[in-house]
Amino acid sequence: VQVDEFSRRMSAKADSSRRVVASYDSVADGVACDAAIADGAVAIELKNRLESQATYELGRGSEMLHRRSRSTHDFEILLAGEKCFTRELGAVDGVMTRDQGSDTCDWQLDTAYACGLDICGFEETPV
C-alpha cells in the first residue's frame, strides 16, 4: 500500500498464483482414461492467477473524490499436459468486463476430477 501525503492518494496491489499437480497410479486405482502419462499415472494440473489493483483519491477530511480499480483472474486445467479448460475474468471499477473460457475436458476418470480450485473424488493420497 502506498500513500501520497500531498495528493492524498492511496494505491494497493495484490498478485497471487497457484499451481496444483496431482498424479494417480492408473493401475492401482483401476482408472482407464486418455489422460494416462508415460509412467502409467494420470496427471491433473490446476493453475490460477489473481491480480487486482485499486487507487483511491481523497479530498479534504475523509471525502472520497475518485476511486479506480481493476482485477483479472485466469484459471486453467490440464489433463496429461494438455490444456482442456480455461476461464478468464476481468473487472474495472467493479463492473465485469471479461468473462470467457472454453471446456473440452473429457473426464473419464473414475476417481479423480477437478472441482472448483481443488482435485476431488480420489480415495487414496495422490502418488
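The structure we're discussing is the one just above.
Criteria and thresholds
- Residues numbered from 1 in each chain as written.
- Predicted model: local features only at pLDDT ≥ 70, side-chain atom pairs only at ≥ 80, totals over all residues.
- Heavy atoms only, no water.
- Disulfide = S-S within 2.5 Å.
- Helix = DSSP H or I, 4+ residues; strand = E, 2+ residues; numbered from the N terminus.
- Buried < 20%, exposed > 50% of the residue type's maximum accessible area, 1.4 Å probe, protein only.
- Contact = heavy atoms within 4.5 Å.
- Polar contact = N/O pair within 3.5 Å; in protein donor to acceptor, adjacent residues only side chain to side chain.

Enquirer: What should I look at first to understand the state of the cysteines in this one?
Expert: Joining two cysteines, a disulfide is a covalent bond between their sulfur atoms. Under the defined criterion, the tally for this structure stands at 1 disulfide. What pairs with C84 in a disulfide is C105, and their sulfur atoms sit 2.0 Å apart. Looking down the S-S bond of the C84 and C105 bridge, the torsion is 75°, so its handedness is right-handed. On the criterion of sequence distance, the pair formed by C84 in strand β5 (residues 82-92) and C105 in the loop between β6 (95-103) and β7 (113-115) is long-range, its members being 21 residues apart. Exposure remark for C84: the relative accessible area of 8% places this residue in the buried category. Given the relative accessible area of 15%, C105 is considered buried.

Enquirer: Can you help me understand the environment of Y56 in this one?
Expert: Among the structural elements, Y56 can be located in strand β3 (residues 41-58). For Y56, a relative accessible area of 27% corresponds to the partly exposed category. Each C-alpha atom, one on Y56 and one on A12, is 9.0 Å from the other, the two residues being 44 residues apart in sequence.

Enquirer: Would you mind going over the environment of K83 with me for this structure?
Expert: Mapped onto the elements, K83 comes out in strand β5. Overall, the relative accessible area of 48% leaves K83 in the partly exposed class. Considered as a pair, K83 and L46 are 37 residues apart in the sequence and their alpha carbons are 9.7 Å apart. The residues touching K83, leaving out its near neighbours within four places in the chain, are E76, I77, L78 and T104. Within the structure, the side chain of K83 is placed 3.2 Å from the side chain of E76, a separation counted as a polar contact.

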